[in-house]
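# Survey of secondary and tertiary structure
One-letter residues, chain by chain:
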Amino acid sequence: METKDKNAVALAGEFAVLSQLALRNLDANMTLGRTKGVDILVSNPRNNKMYRLEVKTKLRVSDNEVAESKIFGTTVGRWLMSKKHETHTDPLLFYCFVIIWKRTKKFKFFIIPSKVVARYISEQHQLYLAENKKSGKSVKDTEMRSFRIGFEKHKYLILTPCAEKYEDNWDFQAKI
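For clarity, every value in this text was computed on a predicted model and none was experimentally measured.

### Examining the overall build of the protein chain
Helices and strands together make up the secondary structure of the protein chain, namely three helices and nine strands. Counting helices and strands in the order they occur from the N terminus, the protein chain gives α-β-β-β-β-β-β-β-β-α-β-α. Over its C-alpha trace the protein chain gives a radius of gyration of 17 Å, about what one expects of a compact globule, namely 16 Å for 176 residues. Overall, the C-alpha framework of the protein chain stretches about 55 × 35 × 35 Å when taken along its three principal axes. Taking all 176 residues of the protein chain together, 43% fall into the buried category. Within the protein chain, one finds 32 positive and 20 negative side-chain charges whose respective centroids are separated by 3 Å.

Structure below.
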């Protein structure tokens, strides 16, 4: 995998998620074009519900790479989001955060309910603004937000979704 083309990486993540869903006997289809806020529609024939997945993919060079932040600590990674995601709390909407390792071509998947993502990005943005203000830095309040996935054994200033809970959470639709 030599590309860093963002569209190619995003498509690779979406197709990888589709393959995982198919292996679990879920009917899934990628949306095309301008479908806002959903990349994959998932139908569960066992409960007749239709779920929506928004896939966010990042490409990593090293298998051991983690994200470090003075404010947010050590995390699995950071994905860029926007202010609009603070209000997306539909119980049938989930986010699948994907990491692809460039060298080994391995994937990790974290499937997280939209209400967990919305709460986190709202709280992390408020903490980001407050911590920068406290340290005397002037920061502009923008539409950009960040989502991070932490580790159970680490301490964070805000409630942070943990990799151990959401990695390979393919039974997401059974928990509703």
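### Describing the sheet that holds strand β1 (residues 27-30)
A sheet is described by the order of its strands in space; here five strands give the open sequence β1-β2-β3-β7-β8, paired in mixed fashion. Each end of this open sheet is capped by a strand with a single partner; those strands are β1 and β8 (107-113). Averaged over all neighbouring strand pairs, the angle between strand axes comes to 25°, with direction disregarded. Here strand β3 (residues 49-60) pairs with strand β7 (residues 93-101) via nine bridges, running parallel. Note that in β7 the partner of V55 across the bridge is C96. Sitting on the sheet, helix α1 (residues 6-23) is in contact with β1, β2 (40-44), β3, β7 and β8, with an inclination near 135° to β3. Along the sheet face, helix α2 (residues 114-134) touches β7 and β8 and points at about 90° away from the line of β8.

### Notes on the confidence of the model for the protein chain
Per-residue confidence for the protein chain gives a mean pLDDT of 91, with 95% of residues at or over 70. By mean pLDDT, strand β4 (residues 67-69) is the weakest element of the protein chain at 89, and β8 is the strongest at 97.

### Overview of the nonpolar core
Core analysis: the largest hydrophobic core is formed by 22 residues, its most contacted members being M81, F97, F110, I112, V117, F147 and I149. When residues of this core are traced back to their parent elements, those giving at least two are β6 (77-82), β7, β8, α2, β9 (144-149) and α3 (163-166). In this structure, F147 is in contact with G77, R78, W79, M81, F97, I112, V117, Y120, I121 and P161, ignoring residues within four places of it in sequence. Counting 19 residues, the second largest nonpolar core, distinct from the first, contains V17, I40, F94 and I100.

### Regarding the pattern of salt bridges
Close approach of charged atoms lets side chains of opposite charge pair. According to the stated counting rule, one finds seven salt bridges in the structure shown. Residues E54 and K56 are paired through a salt bridge, measuring 3.0 Å at the closest nitrogen-oxygen approach. Classification of E54 by relative accessible area gives buried; the value is 9%. The shortest N-O distance in the salt bridge between E65 and R60 comes to 3.6 Å.

### Observations regarding the environment of L159
Note on placement: L159 falls in the loop between β9 and α3. L159 sits in the exposed class, given a relative accessible area of 60%. Residues L159 and V116, 43 residues apart in the sequence, show an inter-C-alpha distance of 9.7 Å. Apart from residues no more than four positions distant in its own chain, L159 is found in contact with R119, Y120 and E123.

Calculation rules
- Residues numbered from 1 in each chain as written.
- Predicted model: local features only at pLDDT ≥ 70, side-chain atom pairs only at ≥ 80, totals over all residues.
- Heavy atoms only, no water.
- Helix = DSSP H or I, 4+ residues; strand = E, 2+ residues; numbered from the N terminus.
- Rg over C-alpha atoms; globule rule 2.2 N^0.38 Å.
- Buried < 20%, exposed > 50% of the residue type's maximum accessible area, 1.4 Å probe, protein only.
- Lys, Arg positive; Asp, Glu negative; His and termini not counted.
- Charge placed at Lys NZ, Arg CZ, Asp CG, Glu CD.
- Pairing = 2+ DSSP bridges.
- Axes fitted to C-alpha atoms, helices over the stretch in contact; angles between N-to-C directions.
- Contact = heavy atoms within 4.5 Å.
- pLDDT = per-residue confidence, 0-100.
- Core = buried A, V, L, I, M, F, W, Y, C linked by side-chain atoms within 4.5 Å.
- Salt bridge = Lys/Arg side-chain N within 4 Å of Asp/Glu carboxyl O.

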